[in-house]
Amino acid sequence: MTTGRPLTGGRVYTQVADQVRERIRSGEFPSGSVLPSEAKLCQAFGVARNTVRRGLAILEDEGLLVTVPSMGRVVAGGPAAVPYRYEMIVAWLREQIECGDLAPGAALASEAELRRQFGVSRNTVRQALSVLEREGLVVAQHGRGRFVRP
């Protein structure tokens, strides 16, 4: 993976982007694979971390890379990342609201009920509910629960 010598000259970050892009096209980094860490890329190219980040940002803008939390940068086009559990809860509740199973003003299941239903922690349920609140689909009433926004 090493380039043999450090990259030099102007706009080194574009050289990093060019070399990683070529490695993706050649199959060295196939679709769905996780890129080496920033530290390893710094060693391989003989550049600073910020230079690597700027180069990888170009590839993210081009859609060649996606950043997946707790995994790092992944070459696009591979198998879809497994959604976080809170995202599954958000999707399920959003669908219930949009199809009318949860009418405007209807109470959502309690945190405890959602925890049991999805087998997740209280924090996971709260994270899902906060997403729906930020989207404006759900409103919390202190001491009463959460309701579908009328």
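Predicted model only: the values in this text are computed from it and were never measured.

## Re helix α2 (residues 38-45)
- Within α2, the full set of buried residues consists of Glu38, Leu41, Cys42, Ala44 and Phe45. Projected onto a plane normal to the axis of α2, the buried residues spread over an arc of 165 degrees and lie on a single side. Within α2, the exposed residues directed more than 90 degrees away from the buried face are Lys40 and Gln43.
- Backbone geometry just after α2 places Gly46 at a positive phi near 65 degrees.

## Examining the pairing of strand β2 (residues 72-75)
- In this structure, strand β1 (residues 65-68) lies alongside β2, joined through four bridges in antiparallel fashion. In the strand pairing of β2, Leu65 is matched with Val75.
- Between β1 and β2, which follow one another and run antiparallel, lie three residues, and Ser70 among them has a positive phi close to 70 degrees.

## Quick look at the packing of aromatic side chains
- Taken as a whole and judged by the stated rule, the model has one aromatic pair.
- Ring plane angle 70 degrees and centroid distance 5.6 Å describe the contact between Trp92 and Phe118, whose orientation is recorded as edge-to-face. Placement of Trp92 in helix α4 (residues 85-98) and of Phe118 in helix α5 (residues 111-118) is noted, with a sequence separation of 26 residues between them.
- Judged by its relative accessible area of 31%, Trp92 is partly exposed.
- A relative accessible area of 25% places Phe118 in the partly exposed class.

## What about the packing of α2 against helix α3 (residues 49-61)?
- Their axes nearest at 9 Å, the elements α2 and α3 cross at an angle of 105 degrees. Judged by the angle between their axes, α2 and α3 are roughly perpendicular. Only Arg49, Val52, Arg53 and Leu56 of α3 make contact with α2, whose side of the interface consists of Glu38, Ala39, Leu41 and Cys42.
- Among the residues forming the contact of α2 with α3, the class breakdown is five nonpolar, no polar and three charged.

## A short note on the side chain of Gln96
- Looking at the element boundaries, Gln96 is found in helix α4.
- Overall, Gln96 belongs to the buried group, its relative accessible area being 15%.

## So, helix α6 (residues 122-134)
- For α6, spanning 13 residues, the distance from its first C-alpha to its last is 18 Å, which sits close to the expected 18 Å at 1.5 Å a residue.
- The set of residues buried in α6 consists of Thr124, Val125, Ala128, Leu129, Val131 and Leu132. Within α6, the buried residues cover an arc of 150 degrees as seen down the axis, which keeps them to one side. Pointing more than 90 degrees away from the buried face of α6 are the exposed residues Asn123 and Arg134.
- Here the buried face of α6 lies against α4, α5, β3 (138-141) and β4 (145-148).
- Taken from the residues just after α6, Gly136 is the one with a positive phi, measuring 85 degrees.

## Remarks on the environment of Ala103
- Mapped onto the fold, Ala103 is located in the loop between α4 and α5.
- Accessibility expressed as a relative area gives 37% for Ala103, which makes it partly exposed.

## Some thoughts on the side chain of Ser33
- Examined against the element boundaries, Ser33 turns out to sit in the loop between α1 (12-26) and α2.
- On the accessibility criterion, Ser33 (17% relative accessible area) is buried.
- Looking at Ser33, its side chain comes within polar contact range of the main-chain oxygen of Pro30, at 2.7 Å.
- When sequence neighbours within four positions are dropped, the list of residues in contact with Ser33 reads Arg73, Val74 and Val75.

Calculation rules
Residues numbered from 1 in each chain as written. Predicted model: local features only at pLDDT ≥ 70, side-chain atom pairs only at ≥ 80, totals over all residues. Heavy atoms only, no water. Buried < 20%, exposed > 50% of the residue type's maximum accessible area, 1.4 Å probe, protein only. Helix = DSSP H or I, 4+ residues; strand = E, 2+ residues; numbered from the N terminus. Arc of directions from axis to C-beta. Pairing = 2+ DSSP bridges. Phe/Tyr/Trp six-rings, centres within 6.5 Å; stacked < 30°, edge-to-face > 60°. Axes fitted to C-alpha atoms, helices over the stretch in contact; angles between N-to-C directions. Parallel < 35°, antiparallel > 145°, perpendicular 65-115°, else oblique. Contact = heavy atoms within 4.5 Å. Nonpolar A, V, L, I, M, F, W, Y, C, P; charged D, E, K, R; others polar. Expected span 1.5 Å × (residues − 1). Polar contact = N/O pair within 3.5 Å; in protein donor to acceptor, adjacent residues only side chain to side chain.

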